[in-house]
Amino acid sequence: MRLHLIDVTGFALPDGSTSVHWFRDAFAALGLEDSFDLVVHDGIAGALPDPGEAARPGAGVIVSGSRGPVDPEKPWVPPLLELIADLHERGADLLGICFGCQALAIVLGGAVGENPRGREMGTELVTLTPEGERDPIFENLPTQMKANLVHRMHVTALPPGATRLAFNQMTPVQAFRLGRSVGLQPHPDMTPRQLNGLVDLYGRILVRNEGFLDDNEHLALFRRSFRETPEFRRTLLNFAGSIRQ
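Below: a short report on this structure. A quick note: this is a predicted structure, and the numbers were derived from the prediction, not measured.

Each value, and the rule that gives it
Residues numbered from 1 in each chain as written. Predicted model: local features only at pLDDT ≥ 70, side-chain atom pairs only at ≥ 80, totals over all residues. Heavy atoms only, no water. Helix = DSSP H or I, 4+ residues; strand = E, 2+ residues; numbered from the N terminus. Rg over C-alpha atoms; globule rule 2.2 N^0.38 Å. Buried < 20%, exposed > 50% of the residue type's maximum accessible area, 1.4 Å probe, protein only. Areas by Shrake-Rupley, 256 points an atom, 1.4 Å probe, with all protein chains shown as cover. Expected span 1.5 Å × (residues − 1). Arc of directions from axis to C-beta. Polar contact = N/O pair within 3.5 Å; in protein donor to acceptor, adjacent residues only side chain to side chain. Contact = heavy atoms within 4.5 Å. Salt bridge = Lys/Arg side-chain N within 4 Å of Asp/Glu carboxyl O. Core = buried A, V, L, I, M, F, W, Y, C linked by side-chain atoms within 4.5 Å. Axes fitted to C-alpha atoms, helices over the stretch in contact; angles between N-to-C directions. Parallel < 35°, antiparallel > 145°, perpendicular 65-115°, else oblique. Left-handed = near helix turned anticlockwise from the far one by under 90°.

## Observations regarding the overall build of the protein
Phase 1 of the analysis: Each helix and strand counted, the protein has eight helices and eleven strands in total.
Phase 2 of the analysis: The C-alpha radius of gyration of the protein comes to 17 Å, within 12% of the 18 Å expected for a compact globule of 245 residues.
Phase 3 of the analysis: The dimensions of the protein, computed from C-alpha atoms along their principal axes, are 50 × 40 × 35 Å.
Phase 4 of the analysis: Residues counted as buried form 53% of the 245 residues belonging to the protein.
Phase 5 of the analysis: Accessible surface, the protein as shown: approximately 10600 Å² in total, 48% of it carbon and sulfur.

Below, the structure is given as structure tokens:
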């Protein structure tokens, strides 16, 4: 089996890690490191996989999170959106996470916008819909579980024909499916280590610019709320297990 990871992180944490490292650690925690060939593509550099190769049986594609919104003015975004559309049309096993989830929604005819409730960040509870409870991406997972996430944009309208799989009070669409394409707004690849790294990068913005947190004391308490999310991480295991052979 081959898994294509399209990395569009666009930044590194203070420890030097990007989402490539986060995914490798998540796969290792799930015991998957020897189950497939992981091929990493630098999406920002335009190094995208061949759609025919990526859509063949025994292959899957993950589109990572990124620094900002799905902005067509960025030169690397339109080719990525074209690839996502091609892969979906070919019936590829495709998983979009955070930015990837939003890109998938846009490509398939949905809509994305800034959440009027503001930023969602940290370890938060998500709830499966009845359809989500039956979906392979959440197989053998509880109806409610903690997930790690960070985003201001969210899916405001599902693509035509898509099924909402998960939600919470902050974000109405935390996951959706259309055919073999799945979008996850939370990060199954993210742990408290990454969340703390993001706070190290953006702590001043969270307190001073956005008012997401009241002050530095609130910021310190916020850090203490971060948790491991092994149940939500298993969505990666379920995705790998559902890839057509």
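## A short note on helix α3 (residues 77-89)
Each full turn of the α-helix corresponds to 3.6 residues, which orients residues three or four apart in the same direction.
Phase 1 of the analysis: The terminal C-alpha atoms of α3, which comprises 13 residues, lie 18 Å apart, in line with the 18 Å expected from a rise of 1.5 Å per residue.
Phase 2 of the analysis: Taken as a whole, α3 has its buried residues at V77, L80, L81, L83, I84, L87 and H88. With its buried residues spanning 160 degrees around the axis, α3 presents them on a single face. Exposed side of α3, more than 90 degrees from the buried face: E82 and E89 are the residues found there.
Phase 3 of the analysis: Looking one or two residues beyond α3, the residue adopting positive phi is G91, at roughly 75 degrees.

## Structural notes on the side chain of S17
Phase 1 of the analysis: One can find S17 in the loop between β1 (2-8) and α1 (19-29).
Phase 2 of the analysis: Of the polar contacts made by the side chain of S17, one reaches the side chain of W22; its length is 3.0 Å.
Phase 3 of the analysis: Once residues lying within four places of it in the same chain are set aside, the contact partners of S17 are F11, A12 and W22.

## Re the pattern of salt bridges
Phase 1 of the analysis: In the structure shown here, the tally under the stated rule is ten salt bridges.
Phase 2 of the analysis: A salt bridge links D135 to R177; the shortest N-O distance between them is 2.6 Å. Remark: R177 occurs in strand β10 (residues 175-178) and D135 occurs in the loop between α5 (130-134) and β7 (144-151); sequence separation between them is 42 residues. Each member of the pair D135 and R177 is classed as buried.
Phase 3 of the analysis: R223 is the salt-bridge partner of D200, the closest N and O atoms lying 2.8 Å from each other.

## A word on the nonpolar core
Phase 1 of the analysis: Ranked by size, the top nonpolar core spans 30 residues in total, and within it F27, I62, L95, F138 and L236 carry the most contacts.
Phase 2 of the analysis: Of all the elements in the fold, those that place two or more residues in this core are β1, α1, β4 (93-97), β6 (120-128), β7, β9 (163-167), β11 (181-184) and α8 (230-241).
Phase 3 of the analysis: Excluding residues that lie within four positions of it along the chain, L95 makes contacts with V61, I62, V63, V182, L184, L236 and F239.
Phase 4 of the analysis: Core analysis: the second largest hydrophobic core is formed by 27 residues, V8, A54, V70 and L81 among them.

## Overview of the packing of α3 against helix α4 (residues 99-107)
Phase 1 of the analysis: Where α3 meets α4, the closest approach of the two axes is 10 Å, and the angle between their N-to-C directions is 70 degrees. The orientation of α3 with respect to α4, classified from their angle, is roughly perpendicular. As α3 packs across α4, the resulting crossing turns out to be right-handed. For the pair α3 and α4, contact is made by L80, L81, I84 and A85 and by F99, A103, L104 and V107, respectively.

Worth remembering: the numbers are spatial, not functional.
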